[in-house]
Amino acid sequence: MLPVVRIQAVVTDLDGTVVRADFSISAATLEALDQVRAAGIAFVIATARTPQGLEHFQSLAQRTTLSVCCSGAIGWSSHDKARTWMHEMGAPEIRRVVELSVAAGAGVASFDGALWRMTDEYYRLSPTQPHGPTRMVVASSELAETPCCTMAVRHRDGDLDRIATLVASGSDSAALSHVGRSTVLDVTAEGVDKGTGTLRALETLGLAPEAAISFGDMPNDLAMFRVTGRSYSIGSADATVMGAASEVLPSVEDDGFARKIADFAAGGWIIEDADPTAVRHRQM
């Protein structure tokens, strides 16, 4: 007989999953999250955004129990407006990412928990700042020597796969994930990703990973999918994500997340085929 587990946590990506392309959040999504809270279920956001970028979406932030920001590098409590953890990248990793990015003609940036530092090229490729922390343009040599918890790479030709391969080829390679529909290469310390961040958040809350469900739309959500009992691809943006998910749902524009939450609420918040082996992936 398949195990039957009551959902204890809902974990979701932001952009493309519950936040629409115009940065709006539907009334149906907010209603779904209110159903989650009313049922006593934890709501965890797992995003590549910084805590400041998350807080821009107050209607979501105020409903969270705990958040995983910067692709697992930072744990964030919106209630306390405080970090619960932060993983810094190693100095050799930082220098390597900067050197490889500059050599490839790419722009590179780093975030230290409060400030984004970036090269001229990164700023040129990302001139707008709709929300998030303060940004500062610095020389690549300064960037290479400044501690940080996450980095981002942009290339004028979108040539990020080659740079990702070069970064990952080193013995001190960092965890890599494409975000923004492959317009940005997100880099965190080795062993730090949305999966490890999700596990740490659930452990902090005293919740079982196999009793959590996750929602996402991009490859950097795959690590999160691997550590939760069930996973859901929002829309059909990426074939790899769709193939890894327990189920493919309608897009964020069609309220795929909200509709699935409504189904769970109507069914008593039960996962009938949760994977009890998910806990074996726990990596802290």
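Just so you know, these numbers come straight off a predicted model, no measurement behind them.

Peer 1: Lay out the pairing of strand β3 (residues 42-46) in plain terms, naming residues and giving numbers.
Peer 2: Here β3 lies mainly inside the structure; five of its five residues are buried. Residues of β3 alternate between two faces, with Ala 42, Val 44 and Ala 46 on one and Phe 43 and Ile 45 on the opposite face, all of them buried. Taking the sense of rotation as the criterion, the β-α-β connection linking strand β2 (residues 9-12), helix α1 (residues 27-38) and β3 turns out right-handed. By the bridge criterion, three bridges tie β3 to strand β4 (residues 66-69) in an arrangement that is parallel. Within the sheet, the bridge partner assigned to Val 44 lies in β4 and is Leu 66.

Peer 1: So what's going on with the sheet that holds strand β14 (residues 230-234)? Residues and values would help.
Peer 2: With mixed pairing, the eight strands of this open sheet are ordered in space as β6-β5-β4-β3-β2-β13-β14-β15. Pairing within the sheet leaves two strands with one partner each, and these edge strands are β6 (82-86) and β15 (247-249). Averaged over all neighbouring strand pairs, the angle between strand axes comes to 20°, with direction disregarded. With four bridges joining them, β2 and strand β13 (residues 212-216) adopt parallel strand pairing. In the strand pairing of β13, Val 10 is matched with Ile 213.

Peer 1: Got a sec to walk through helix α11 (residues 256-266)? Specific residues and values, please.
Peer 2: The periodicity of an α-helix, 3.6 residues per turn, causes residues three or four positions apart to be oriented the same way. Restricting attention to buried positions, one finds in α11 the residues Gly 256, Phe 257, Ala 258, Lys 260, Ile 261 and Phe 264. Close packing links the buried residues of α11 with β2, α1, β13, β14, β15 and β16 (270-271). Looking one or two residues past α11, Gly 268 carries a phi angle of roughly 80°, positive in sign.

Peer 1: Which residues make up the pairing of strand β8 (residues 115-118), and what are the values?
Peer 2: Look at any regular strand and the pattern is simple: side chains alternate between the two faces of the sheet. Neither face of β8 is exposed, since Leu 115 and Arg 117 on one face and Trp 116 and Met 118 on the opposite face are all buried. Alignment of strand β7 (residues 107-111) against β8, held across three bridges, turns out to be antiparallel. When the sheet's bridge partners are listed, Ser 110 is paired in β8 with Arg 117. Between β7 and β8, which pair antiparallel one after the other, the connecting turn spans three residues, and Gly 113 there sits at a positive phi close to 105°.

Peer 1: Requested: an account of unusual backbone geometry, with residues and values cited.
Peer 2: Of note in this structure, Lys 81 is not a glycine but carries a positive phi near 55°. Checked against the element boundaries, Lys 81 lands in the loop between β5 (74-77) and β6. Taking relative accessible area as the criterion, Lys 81 reaches 49% and is therefore assigned partly exposed. The backbone phi angle of Asp 255 is positive, close to 60°, even though this residue is not glycine. In this structure, Asp 255 sits in the loop between β15 and α11. Its relative accessible area of 16% is what places Asp 255 among the buried residues.

Peer 1: Can you tell me about the nonpolar core, naming the residues and giving the values?
Peer 2: If you look at the biggest cluster of nonpolar residues, it comprises 64 residues, and the most contacted ones within it are Val 10, Leu 60, Met 151, Phe 215 and Phe 257. Counting 17 residues, the second-largest nonpolar core is a separate cluster that includes Ala 42, Leu 202, Leu 222 and Met 224.

Peer 1: Describe in detail α1, supporting the description with residues and values.
Peer 2: Here α1 spans 16 Å end to end across 12 residues, near enough to the 16 Å set by a 1.5 Å rise per residue. Turning to α1, its buried residues number three or more, namely Thr 29, Leu 30, Ala 32, Leu 33 and Val 36. Projected down its long axis, α1 shows its buried positions confined to an angular sector of 155°, all on one face. Residues of α1 that are exposed and point more than 90 degrees away from the buried face comprise Ala 27, Glu 31 and Ala 38. Buried-residue contacts for α1 involve β2, β3, α3 (58-61) and α11. Taken from the residues just after α1, Gly 40 is the one with a positive phi, measuring 75°.

Peer 1: If you had to explain the packing of helix α4 (residues 91-103) against helix α7 (residues 160-168) to someone new, which residues and values would you point to?
Peer 2: Between α4 and α7, the shortest axis-to-axis distance is 10 Å and the interhelical angle comes to 145°. In the packing of α4 onto α7, the handedness of the crossing is right-handed. Residues Arg 96, Val 97, Leu 100 and Ser 101 of α4 pack against Ile 163, Leu 166 and Val 167 of α7. A class-by-class count of the residues in the contact of α4 with α7 yields five nonpolar, one polar and one charged.

Rules of the game
Residues numbered from 1 in each chain as written. Predicted model: local features only at pLDDT ≥ 70, side-chain atom pairs only at ≥ 80, totals over all residues. Heavy atoms only, no water. Buried < 20%, exposed > 50% of the residue type's maximum accessible area, 1.4 Å probe, protein only. Helix = DSSP H or I, 4+ residues; strand = E, 2+ residues; numbered from the N terminus. Right-handed = clockwise from strand over helix to strand, strands pointing away. Pairing = 2+ DSSP bridges. Axes fitted to C-alpha atoms, helices over the stretch in contact; angles between N-to-C directions. Contact = heavy atoms within 4.5 Å. Core = buried A, V, L, I, M, F, W, Y, C linked by side-chain atoms within 4.5 Å. Expected span 1.5 Å × (residues − 1). Arc of directions from axis to C-beta. Left-handed = near helix turned anticlockwise from the far one by under 90°. Nonpolar A, V, L, I, M, F, W, Y, C, P; charged D, E, K, R; others polar.

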